[in-house]
Amino acid sequence: MKTLTASFFAITTLLAASALQAQTPAPASFMLCMACHGMDGKGMGAGTPTPMAPPLAGSKLAGFGDGEVMASIVFTGIEKQDAKFAGIMAPLGPAMTDAQMAEVMTYVRSSFGNSAPAVTADQIKAWRAKYHGKPMQKRADLEARLK
């Protein structure tokens, strides 16, 4: 019985280690996102029935197209219009370099069950110029862009 238990423990440990190695570690800049969207991308609660922010896991906005919709959100933010979420999406563009934002967006777009293509620093640079100084967006307008 001890041998069987030890074997089970060894196999379980090896499987867990393999699964952890297969996961892509989150870039340091993801900590900005994690504050509201959670480390697991499922969205953080706010201590109330209303979540702080929507999940990134399975997000159509994060995974759409070449990443421009997601970049526009990060650069301009999303204004609060209803009680669906407790917070707003603050503009985070100034908090990251183009390379950091490309790394974070690529991570989000390929993690939490998402499977969208990578984003490059050159794309971020162009989108930063395009969305610089633009007002916060409305969720309904963003969702309409997905069609």
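Residues numbered from 1 in each chain as written. Predicted model: local features only at pLDDT ≥ 70, side-chain atom pairs only at ≥ 80, totals over all residues. Heavy atoms only, no water.

Colleague: How should the packing of helix 4 (residues 68-76) against helix 5 (residues 98-109) be read in this particular structure?
Modeller: Between helix 4 and helix 5, the shortest axis-to-axis distance is 11 Å and the interhelical angle comes to 125°. It follows from the interaxial angle that helix 4 and helix 5 lie oblique. By crossing handedness, the relation of helix 4 to helix 5 is classed as right-handed. For the pair helix 4 and helix 5, contact is made by Met 70, Ala 71, Val 74 and Phe 75 and by Met 101, Met 105, Val 108 and Arg 109, respectively. Grouping the constituent residues of the contact of helix 4 with helix 5 by class yields 7 nonpolar, no polar and 1 charged. (Axes fitted to C-alpha atoms, helices over the stretch in contact; angles between N-to-C directions. Helix = DSSP H or I, 4+ residues; strand = E, 2+ residues; numbered from the N terminus. Parallel < 35°, antiparallel > 145°, perpendicular 65-115°, else oblique. Left-handed = near helix turned anticlockwise from the far one by under 90°. Contact = heavy atoms within 4.5 Å. Nonpolar A, V, L, I, M, F, W, Y, C, P; charged D, E, K, R; others polar.)

Colleague: Looking at this model, I keep getting lost on the confidence of the model for the chain. Mind explaining?
Modeller: Should pLDDT be low for a region, the predicted coordinates there are not to be read in detail. Within the chain, residue pLDDT values average 83, and 83% of them lie at 70 or more. Mean pLDDT across the elements of the chain ranges from a minimum in helix 1 (residues 2-22), with 39, to a maximum in helix 6 (residues 121-131), with 98. This model gives residues 1-22 a pLDDT under 50, and the stretch forms 0 contacts once residues within four places in sequence are excluded. (pLDDT = per-residue confidence, 0-100.)

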